Amino acid sequence: MSDPYEILEINRSATDEEIKKAYRELAKKYHPDNFKDNPLSDLASEKMKSINEAYDQIQKEKAYNSTQNNNYYNYSNSDSSFPKIRELINNKRFSEAEFMLDAVDSNEKNAEWYYLKGVILTDRGWFFDAQKNFETACNLDPGNKEYRDAFNYIKNKSNNFYSNGGYNTQRQQNNSGCTGCDICAGLLCADCLCECFRCC
């Protein structure tokens, strides 16, 4: 991958606020909704993908550096890290939460791990992948209502989203692609899932 700072057109010394501002401006400029029925739509989609990847990479680097500085980067006891991960998700610090989840050893991934991964994927709008993680969580802990509710909700969302062709293709039946409503629905879904953490 190219230098994520170059892609976002910022210096490595940029503050968190400057990084977010640069990301928002570029995302607004290259969002697929701006290029409907435009011959440049494929190029814009690729640019948008690289912008998202660059932003994610910067956030992961910052999360890694933060965990190193605070000496809590050893997560061999996965159960003890889940409350902290929920707290990060509740505070919308998804990259840090994902970094902690990814540090959990593969043989320690339980239902809670898959559920939290699903919440993070939902926030990104990756509904199909989120659905797979929620389904795994339900299979590992069938009696957990929180996991089951999340799975049922995202299953409907992912089916609707992908049957509409996602962001880049148009629906054959009525020639309508993904709309701003679909994006808002995805964000609303992520917010609903995060709301449950306030009770924990």
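Residues numbered from 1 in each chain as written. Predicted model: local features only at pLDDT ≥ 70, side-chain atom pairs only at ≥ 80, totals over all residues. Heavy atoms only, no water.

Moving on, we come to the overall build of the chain. Scanning the chain for helices and strands turns up nine helices and zero strands. When the helices and strands of the chain are listed from N to C terminus, the series reads α-α-α-α-α-α-α-α-α. By residue count, 39% of the 200 residues in the chain fall in the buried class. Sequence separation of at least 24 residues holds for 58% of the intrachain contacts in the chain that already meet a minimum separation of 6. (Helix = DSSP H or I, 4+ residues; strand = E, 2+ residues; numbered from the N terminus. Buried < 20%, exposed > 50% of the residue type's maximum accessible area, 1.4 Å probe, protein only. Contact = heavy atoms within 4.5 Å.)

Core analysis: the largest hydrophobic core is formed by 25 residues, its most contacted members being Ile85, Ile89, Leu101, Tyr115, Leu116 and Phe134. When residues of this core are traced back to their parent elements, those giving at least two are α4 (78-90), α5 (94-102), α6 (111-124), α7 (127-140) and α8 (145-163). Considering every element that reaches this core, the biggest residue donor is α6, with seven residues. Residues in contact with Ile85, not counting those within four places in the same chain, are Ala97, Met100, Leu101 and Leu116. (Core = buried A, V, L, I, M, F, W, Y, C linked by side-chain atoms within 4.5 Å.)

This part covers the confidence of the model for the chain. Any segment with low pLDDT has predicted coordinates that should not be analysed in fine detail. Per-residue pLDDT for the chain averages 76, and the proportion of residues at 70 or more is 70%. Averaged pLDDT values over the elements of the chain bottom out at 53 in helix α9 (residues 180-195) and peak at 91 in α6. A low-confidence stretch, residues 167-177 (pLDDT under 50), is modelled with 18 contacts involving residues beyond four sequence positions or located in other chains. (pLDDT = per-residue confidence, 0-100.)

On to the packing of α6 against α7. Across the interface, α6 lies against α7 with an axial gap of 8 Å and an inter-helix angle of 160°. In terms of their interaxial angle, α6 and α7 are classed as roughly antiparallel. Considering only the axes of α6 and α7, their crossing is left-handed. Residue-level inspection shows Ala111, Trp113, Tyr114, Tyr115, Lys117, Gly118, Val119, Leu121 and Thr122 of α6 in contact with α7, the latter providing Phe127, Asp129, Ala130, Asn133, Phe134, Thr136, Ala137 and Leu140. (Axes fitted to C-alpha atoms, helices over the stretch in contact; angles between N-to-C directions. Parallel < 35°, antiparallel > 145°, perpendicular 65-115°, else oblique. Left-handed = near helix turned anticlockwise from the far one by under 90°.)

On to the pattern of salt bridges. Taken as a whole and assessed by the stated rule, the structure comprises twelve salt bridges. The partner of Asp3 in a salt bridge is Arg12, and the shortest N-O contact between them spans 3.4 Å. We note a salt bridge from Glu17 to Arg24, for which the minimum N-O separation is 3.9 Å. Bridged by salt links that share partners, the residues Asp56, Lys60, Glu98, Asp102, Lys117 and Arg124 form one connected network. (Salt bridge = Lys/Arg side-chain N within 4 Å of Asp/Glu carboxyl O.)

Here Glu9, not a glycine, exhibits a phi torsion of approximately 60°, which is positive. For Glu9, the location among the structural elements is in the loop between α1 (4-7) and α2 (16-30). Within the chain, Asp37 stands out as a residue other than glycine whose phi angle is a positive 55°. Within the secondary structure, Asp37 is located in the loop between α2 and α3 (41-69).

Bringing the environment of Asp16 into the picture now. Tracing the sequence through the fold places Asp16 in helix α2. Taking the C-alpha atoms as reference points, Asp16 and Ile58, 42 residues apart in sequence, are found 9.8 Å from one another.

Inspection of the secondary structure assignment puts Ile58 in helix α3. Sequence-distant contacts of Ile58, defined by excluding residues within four places in its chain, comprise Pro4, Tyr5, Leu8, Ile10 and Ile19.

Moving on, we get to the packing of aromatic side chains. Following the criterion strictly, the structure yields four aromatic pairs and no others. With 4.9 Å between their ring centres and 75° between their planes, Trp113 and Tyr114 make a pair best called edge-to-face. On the accessibility criterion, Tyr114 (23% relative accessible area) is partly exposed. Relative to Phe134, the ring of Tyr115 lies with its centre 5.6 Å away and its plane at 45°, an arrangement referred to as tilted. Of the two residues, Tyr115 sits in helix α6 while Phe134 sits in helix α7, which places them 19 residues apart along the sequence. (Phe/Tyr/Trp six-rings, centres within 6.5 Å; stacked < 30°, edge-to-face > 60°.)

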